[in-house]
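Spelled out from the first residue to the last, the chains are:
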Amino acid sequence: MKNPTKRIKNLLAALALMGLASPLAAQYSLYWDLPTTPGNLSLGMASLAVSPEPEGLVVNPAWLSEVRWRTARASGLQWWQEIYAGSFSGAVPVKPLGTAGLSLGYWSFGSMAALGPQGEPLGNFESQSLLWGLGLGRRILAGLAAGLYLKGYSLMMPERKDWGWGLDAGAQYRHRFLTGTLLARNLGPRYPVNNAVRFDLPASVNLGVGAGLAGQRIVAGLVLTSAKGQRPFVSAGVEVLPASFAGLRLGYDTDDSKPERSPLGLGVSMRTTGTQDYSVEYGYRSYGVLGDVHAISLGMSF
């Protein structure tokens, strides 16, 4: 049987490195910034320039204008120890307003036995975070679209309950096979809203370019992120479809704010087309001492 004290220390270390264990750490990483889908995990921020559909809580709402059908996707992510996450994302055209997107997500940080100074049991420690996002994207002119995305979270612990919200604003321009994107993220009040000790949201600006080549058999994206409190970094991603029903993904970024994370992410996707389109996606990335992270999703367009 594993040493429970060592297990607790390891889990707390993992939470701290993820930016989930304390308000001080959380000011660098909010729950809606963490990956919950294969696209988030394998492509990182480059998913903003590669896929128009909502990817968990990381969405450029202007991209929603590219979605022509009703879509729904459920994703699950397994982290180290008992940490796991999931999300549901969907988009619905709402003429003449544009396309609306909805995202729901959660993070569960597991359950463990808390021990006192002498090793005596003090009960169970459980916590989780619930997330939501609502966006609207609309085409303004030929090739030009814009959108807004309102999001929020709540954190529930035995002796603490926090909540916060933010706003993302995005624009995108498409010309032939090229697409340029601009996204301002994490605009809003200080957080947690209900706490005496509050922090500024980690606002960021994302500037990206995407390209669909060889009849959309190769989709690539490059995103430059300038975030408050850290050095700018570049995220690159590519999806290659050797067949119309199968794709391979590779992501790379230079974000040095997460030294435990591998700069490389890998993923695969499977799609079917017909009266209804179905998809299965898988994503993988190593987080060093935090272990290997896996994500899978099931999607449908109808």
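Being a predicted model, the structure only gives us computed values, none of them experimental.

Calculation criteria
- Residues numbered from 1 in each chain as written.
- Predicted model: local features only at pLDDT ≥ 70, side-chain atom pairs only at ≥ 80, totals over all residues.
- Heavy atoms only, no water.
- Phe/Tyr/Trp six-rings, centres within 6.5 Å; stacked < 30°, edge-to-face > 60°.
- Helix = DSSP H or I, 4+ residues; strand = E, 2+ residues; numbered from the N terminus.
- Buried < 20%, exposed > 50% of the residue type's maximum accessible area, 1.4 Å probe, protein only.
- Salt bridge = Lys/Arg side-chain N within 4 Å of Asp/Glu carboxyl O.
- pLDDT = per-residue confidence, 0-100.
- Contact = heavy atoms within 4.5 Å.
- Polar contact = N/O pair within 3.5 Å; in protein donor to acceptor, adjacent residues only side chain to side chain.
- Core = buried A, V, L, I, M, F, W, Y, C linked by side-chain atoms within 4.5 Å.
- Pairing = 2+ DSSP bridges.
- Patch = residues over 30% accessible without salt bridge, like charges linked within 9 Å, V, L, I, M, F, W, Y side chains within 5 Å.
- Areas by Shrake-Rupley, 256 points an atom, 1.4 Å probe, with all protein chains shown as cover.

Student: Got a minute to help me understand the packing of aromatic side chains in this structure?
Tutor: For any pair of aromatic rings, the description rests on two quantities: the centre-to-centre distance and the angle between the ring planes. Applying the stated criterion across every chain, the model contains seven aromatic pairs. Between Y31 and Y153, the ring centres sit 5.2 Å apart and the planes meet at 50°, which makes this aromatic pair tilted. Residue Y31 is found in the loop between helix 2 (23–26) and helix 3 (38–43), and its partner Y153 is found in strand 5 (residues 144–157); the two are separated by 122 residues along the sequence. Side by side, Y31 and Y153 carry an identical accessibility label, which is buried. Centre to centre, the rings of Y84 and Y106 are 6.1 Å apart; their planes meet at 75°, and the pair counts as edge-to-face. Note that Y84 is positioned in strand 2 (residues 84–94) and Y106 in strand 3 (residues 98–115), a separation of 22 residues in sequence.

Student: Sorry, what's going on with the pattern of salt bridges here?
Tutor: Side chains bearing opposite charge may pair, as long as their charged atoms lie close to each other. With the rule as written, the count across this model stands at 13 salt bridges. E281 is the salt-bridge partner of R249, the closest N and O atoms lying 3.2 Å from each other. Here E281 lies in strand 13 (residues 277–286) and R249 lies in strand 11 (residues 246–253), a separation of 32 residues in the sequence. Each member of the pair, R249 together with E281, is buried.

Student: Would you mind going over the confidence of the model for the protein with me for this structure?
Tutor: Close inspection of predicted coordinates is inappropriate in any region flagged by low pLDDT. Model confidence for the protein is summarised by a mean pLDDT of 85, while 85% of its residues fall at 70 or above. Here residues 4–9 scores under 50 on pLDDT; set against residues more than four positions off or in separate chains, the count is ten contacts.

Student: Would you take a moment to explain the side chain of T99 for this structure?
Tutor: Here T99 shows up in strand 3. A polar atom in the side chain of T99 sits 3.4 Å from the backbone oxygen of V67. The contact partners of T99, leaving out residues within four places of it in the chain, are L64, S65, V67, A91, V92, P93, V94, G135, L136 and G137.

Student: So what exactly am I meant to see when it comes to the side chain of N40 here?
Tutor: Within the secondary structure, N40 sits in helix 3. Classification of N40 as buried rests on a relative accessible area of 7%. Separated by 3.4 Å, the side chain of N40 and the backbone nitrogen of T36 make a polar contact. If sequence neighbours within four positions are ignored, N40 has contacts with P35, S47, E55, G56 and V58.

Student: Got a minute to help me understand the nonpolar core in this structure?
Tutor: Side chains that are nonpolar tend, in soluble globular proteins, to be buried together. Judged by nonpolar contacts, the single largest core of 25 residues is most densely connected at W32, L77, W79, W107, L131 and Y153. Elements supplying a minimum of two residues to this core: strand 3, strand 5 and strand 14 (292–301). Not counting residues up to four positions away in its chain, the partners in contact with L131 are Y31, W32, L57, S103, L104, G105, Y106, W107, G152 and Y153. Listed in part, the five residues of the second largest apolar core include M45, L48, V58 and L183.

Student: When you look at unusual backbone geometry in this model, what are you seeing that I'm missing?
Tutor: One can expect most non-glycine residues to show negative phi and most peptide bonds to be in trans. Residue P96 is bonded to the preceding K95 through a cis peptide linkage, with omega at 0°. Tracing the chain through its elements places P96 in the loop between strand 2 and strand 3. Cis peptide bonds are those with omega within 30 degrees of zero, and the linkage from Y191 to P192 qualifies with -10°. Mapped onto the elements, P192 comes out in the loop between strand 7 (178–187) and strand 8 (204–213). Not every positive phi belongs to a glycine, and Q216 is a case in point at roughly 65°. Along the chain, Q216 turns up in the loop between strand 8 and strand 9 (218–227).

Student: What should I look at first to understand the pairing of strand 1 (residues 71–78) in this one?
Tutor: The side chains of a regular strand alternate between the sheet's two faces. Here strand 1 shows a clear split, with T71, R73, S75 and L77 buried on one side and none of A72, A74, G76 and Q78 buried on the other. In terms of strand pairing, strand 1 meets strand 2 through eight bridges, oriented antiparallel. In the strand pairing of strand 2, R73 is matched with S89. Bridge count between strand 1 and strand 14: eight bridges; the pairing is antiparallel. Within strand 14, the residue paired with G76 across the bridge is I296.

Student: When you look at a nonpolar patch on the surface in this model, what are you seeing that I'm missing?
Tutor: Residues F177, L178, L182, V205, L207, V209, L213, I218, L222, L224, V234 and V240 make up a contiguous nonpolar surface patch of roughly 920 Å² in combined accessible area. Taken together, the elements giving at least two residues each to the nonpolar patch come down to strand 7, strand 8, strand 9 and strand 10 (233–243). Among the secondary structure elements, I218 is positioned in strand 9.

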